[in-house]
Amino acid sequence: MSTAHIHHQSAACRYMPVPWTHFAFAYGALLAALAALLVHLTLSRTAQREGLPPASGWQSWLPTLFVVIAGLMVPLTAVVVALTHKDAAETATHLGQPLCEG
């Protein structure tokens, strides 16, 4: 994700609205992590219901590794969403006001 927003604010010495791309990336990452968990859970339950034998070897540990990573990403991306909204709220209260002194 680009930090051009901060550079534009500094160059203009004014608070500028947070770009929509910040929100899109924050929510997109959260939805992707949640979708990964949901897909894994759905496929695991379906396999158990169908009575399929459990996977072994790499077919077992690789999906588990990805689910652990996705599980760690959910709280992290939730924090990113909260910080994006916090930044947008702060910017909205000072919109158009000077950012720099002097």
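The rules behind the values
Residues numbered from 1 in each chain as written. Predicted model: local features only at pLDDT ≥ 70, side-chain atom pairs only at ≥ 80, totals over all residues. Heavy atoms only, no water. Helix = DSSP H or I, 4+ residues; strand = E, 2+ residues; numbered from the N terminus. Buried < 20%, exposed > 50% of the residue type's maximum accessible area, 1.4 Å probe, protein only. Contact = heavy atoms within 4.5 Å. Areas by Shrake-Rupley, 256 points an atom, 1.4 Å probe, with all protein chains shown as cover. 1 Å grid on protein atoms, 1.4 Å probe; cavity = no way out; pocket = protein on both sides within 12 Å on 5 of 7 lines; lining within 4 Å. Points joined across faces, edges and corners; volume = space filled by probe spheres on them. Nonpolar A, V, L, I, M, F, W, Y, C, P; charged D, E, K, R; others polar. Patch = residues over 30% accessible without salt bridge, like charges linked within 9 Å, V, L, I, M, F, W, Y side chains within 5 Å. Salt bridge = Lys/Arg side-chain N within 4 Å of Asp/Glu carboxyl O. Axes fitted to C-alpha atoms, helices over the stretch in contact; angles between N-to-C directions. Parallel < 35°, antiparallel > 145°, perpendicular 65-115°, else oblique. Left-handed = near helix turned anticlockwise from the far one by under 90°. Expected span 1.5 Å × (residues − 1). Bend = angle between axes of the 7 residues up to and from the residue. Polar contact = N/O pair within 3.5 Å; in protein donor to acceptor, adjacent residues only side chain to side chain.

A. Representation of the overall build of the protein chain in the model. On a plain count of helices and strands, the protein chain comes out with 3 helices and 0 strands. Scanning the protein chain from its N terminus toward the C terminus, one meets helices and strands in the order α-α-α. Buried residues in the protein chain amount to 15% of all 102 residues. When contacts within the protein chain are restricted to residue pairs at least 6 apart in sequence, those whose partners lie at least 24 apart make up 81%. Here the protein chain has roughly 7,500 Å² of accessible surface; of this, 70% comes from carbon and sulfur atoms.

B. A look at the layout of surface pockets. Considered as a void within the structure, the largest pocket measures approximately 460 Å³ in volume. Lining the largest pocket are 17 residues, and of these His40, Ser44, Ala55, Gln59 and Pro63 lie nearest its centre. Secondary-structure elements contributing two or more residues to the lining of the largest pocket are α2 (20-50) and α3 (58-93). Per-element tally for the lining of the largest pocket: the top contributor is α2, with 7 residues. Looking at side-chain class alone, the lining of the largest pocket contains 11 nonpolar, 6 polar and no charged residues.

C. Broad picture of a nonpolar patch on the surface. A grouping of Trp58, Trp61, Leu65, Phe66, Ile69, Met73, Leu76 and Val80 is seen on the molecular surface, where their side chains present a nonpolar patch of about 810 Å² in accessible area. Structurally, Phe66 is set in helix α3.

D. Summary view of the packing of α2 against α3. Packing of α2 against α3 leaves a shortest axis separation of 8 Å and a crossing angle of 155 degrees. Considered as vectors, α2 and α3 are oriented roughly antiparallel to each other. The crossing of α2 and α3 is left-handed. For the contact of α2 with α3, the class distribution of residues is 18 nonpolar, 6 polar and no charged.

E. Spotlight on α2. Here α2 spans 44 Å end to end across 31 residues, near enough to the 45 Å set by a 1.5 Å rise per residue. Turning to α2, its buried residues number three or more, namely His22, Ala26, Leu30 and Ala33. After α2 finishes, the residue Gly51 shows a positive phi value of roughly 75 degrees.

F. Just α3, in detail. Between its first and last C-alpha atoms α3 spans 52 Å; for 36 residues at 1.5 Å apiece the expected length is 52 Å, and the two agree. Roughly 25 degrees is the biggest bend found in α3, and it falls at Val74, with proline Pro75 one to four residues downstream. When α3 is considered as a whole, its buried residues turn out to be Ala70, Val74, Thr77, Val81, Thr84, Ala88 and Thr91.

G. Just the side chain of Thr77, in detail. Summarising the element assignment, Thr77 is placed in helix α3. The class of Thr77 is buried, set by a relative accessible area of 4%. Reaching out from Thr77, the side chain makes a polar contact with the backbone oxygen of Val74 at a distance of 3.1 Å. Beyond its immediate sequence surroundings of up to four residues, Thr77 is in contact with Ala29 and Leu30.

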